[in-house]
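Residue strings, one per chain:
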Amino acid sequence: MHMPAHPVLQYRWAVREHRDGKVLVYYGLRNPPRHQETVLPVPDALAEVLTGLDGAAALDSLPEAVRESEDFSRLVAQGIVVDQKDQRQPSTAEHKQTCTRCVADDHLLPGLEFDARGVCAFCQCYEQAEREGGAAGPRNAVDEAALLSIAAKNKDSRFDVMVLCTGGKDSTYLLWYLAKKLGLRVLAASWNMPYTNDTCRRNIRRSLELLPDVELVERTLPVNAVRDAMRAQFGNVGLPCLCPVVAHVLFFPLAAAERIPVVMQGVEEVQLAVMSYVMRNLQGGKGPSRTAPPSIREQTLQFLELAASPPEPADPFSLVADYLRYQRSVRKSLDPVYGPLDRLLARAREDPSVFVPQFLRLKTNTLYGSWRAATELMQKEMDWKMPPGQKGLLHTSCRIEKVKDYCQSMRFRNMRSTAFPQSIVEVGAGVYFGLLSREEALREVAELGYHREPEVMAELLGDLGISDDDRRSHGETVYSLCDCVAGCRRGA
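Nothing here was measured: the structure is a model prediction, and the numbers come from that model. (Residues numbered from 1 in each chain as written. Predicted model: local features only at pLDDT ≥ 70, side-chain atom pairs only at ≥ 80, totals over all residues. Heavy atoms only, no water.)

Undergrad: For this particular structure, what's the right way to read the packing of aromatic side chains?
TA: The final tally for this structure, using the stated rule, is 13 aromatic pairs. A ring pair is formed by Tyr-173 and Tyr-177, whose centres lie 6.2 Å apart and whose planes are at 10 degrees; its orientation type is stacked. In this pair, Tyr-173 and Tyr-177 both sit in helix 6 (residues 169–181), four residues apart, roughly one turn of the helix. Take Tyr-173: its relative accessible area is 5%, and that puts it in the buried class. We classify Tyr-177 as buried; its relative accessible area is 2%. Pairwise contacts between aromatic rings join Tyr-126, Tyr-277, Tyr-432 and Phe-433 into one cluster. A cation over an aromatic ring shows up here: Arg-12 above the ring of Tyr-11, its NZ or CZ 6.0 Å from the ring centre. A cation over a ring is seen here: Lys-169 above Trp-371, with NZ or CZ 5.1 Å from the ring centre. (Phe/Tyr/Trp six-rings, centres within 6.5 Å; stacked < 30°, edge-to-face > 60°. Helix = DSSP H or I, 4+ residues; strand = E, 2+ residues; numbered from the N terminus. Buried < 20%, exposed > 50% of the residue type's maximum accessible area, 1.4 Å probe, protein only. Lys NZ or Arg CZ within 6 Å of the ring centre and 35° of its normal.)

Undergrad: Help me understand the side chain of Glu-269, please; the structure alone is not making it clear to me.
TA: Examined against the element boundaries, Glu-269 turns out to sit in the loop between strand 10 (262–265) and helix 10 (273–278). For the buried Glu-269, no salt bridge exists, and the shortest N-O distance to an oppositely charged side chain is 7.5 Å, to Lys-363. Beyond its immediate sequence surroundings of up to four residues, Glu-269 is in contact with Pro-138, Tyr-277, Leu-362, Lys-363, Thr-364, Asn-365 and Thr-366. (Lys, Arg positive; Asp, Glu negative; His and termini not counted. Salt bridge = Lys/Arg side-chain N within 4 Å of Asp/Glu carboxyl O. Contact = heavy atoms within 4.5 Å.)

Undergrad: Help me understand the nonpolar core, please; the structure alone is not making it clear to me.
TA: The tendency in soluble globular proteins is for nonpolar side chains to be buried as a group. Formed by 70 residues in total, the largest nonpolar core has its most connected members in Phe-122 and Leu-178. The residues touching Phe-122, leaving out its near neighbours within four places in the chain, are Leu-29, Leu-109, Leu-112, Val-274, Val-278, Phe-420 and Val-425. (Core = buried A, V, L, I, M, F, W, Y, C linked by side-chain atoms within 4.5 Å.)

Structure below.
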């Protein structure tokens, strides 16, 4: 093995403090099969040396015990410690590598690796899922036959399914598919949060006119409570979002009280691509898994318990860590809202006969055909409208969607989070699974909030009372709104 003459950590690797000691963390996605090997324990002595590597010192200047250790040799063999001349440099908008299969690139996703074909690590994970059989994808996906069977057996409720709807294209499609195409009895449930755009509010009302058998229940929270929670979210987790967890907390207890057998929401399969395809350990071969998956009831309870009582992340650098912190922060800010859900979960755990709605998802990769086809169908069947000035089809209901994009991108770029910016991954997965062409996807990417601070940011920060000074002092906000790579305060 050739040892580097002037060793340095490869781009996007960093030494961090962990409760169990020092670790090396990769802020990106490695090529399979190492795509889940992104947090590596290292001895303290080696960690101290790695922290000081700048590419200027020669290999011989390192302590002999480190140079000759198996741990150091392993890092060299994996390309984690490289010669200074082999260290990758940050990509730019003009000079970047773009996947030959989808549209993911290493500028919007720094640390994204590619194989010899130029295929990104995400698409390699999707390919691996195809090779290894049907173990990937959402575990709680449901098809038409299963929904009709559930409805045929439903004698205890006025409704066969509750749809958590926003007026965006996905939840509008879900309402149309369930109520009109399948003829199910649908209760539409809408959390009317302050930043839902007016166009989608009108889309919901128009849906009720066109689907007169659908009933709507709508909830709001006090505007000041929402603003206080969003401000707290900025400080706690670096972005203001409360959705969709508030809708889950508000409406699952209602679905249980009404004994509605199924709850669904307009979330596409591609929005779950990271957890379904990248981070799931896929079973080998075409045969069944050795371990039977938990029942849908148990999956639903586990999902709701993550919302109601999210644990402290066991690994602060895992991909689920940010999700857990987000859930914990919402719980802390809006604790009184959780009472009905807490009581439902306590009863369900004490008594297995307690009714719990099944949380199920549509197989949108198959049903949609394409985003364009699904949108045109909704325009024809439901008179669905796109918000004025919006061109992208990925997310259509929230006025501050680009704020989420921007904050996620900045936190990832600043190596404060290992969670990938969500929208670019979803667009790339959409290309891979045939929901849109590469040309359409490139136009989608151009519309995402990654390229500059969104215009709506100033309005939002004003609403939340976050001043220019707060950008550098309000908890995690600094990593979302400032370029920390250039030298602002950093931390593990």
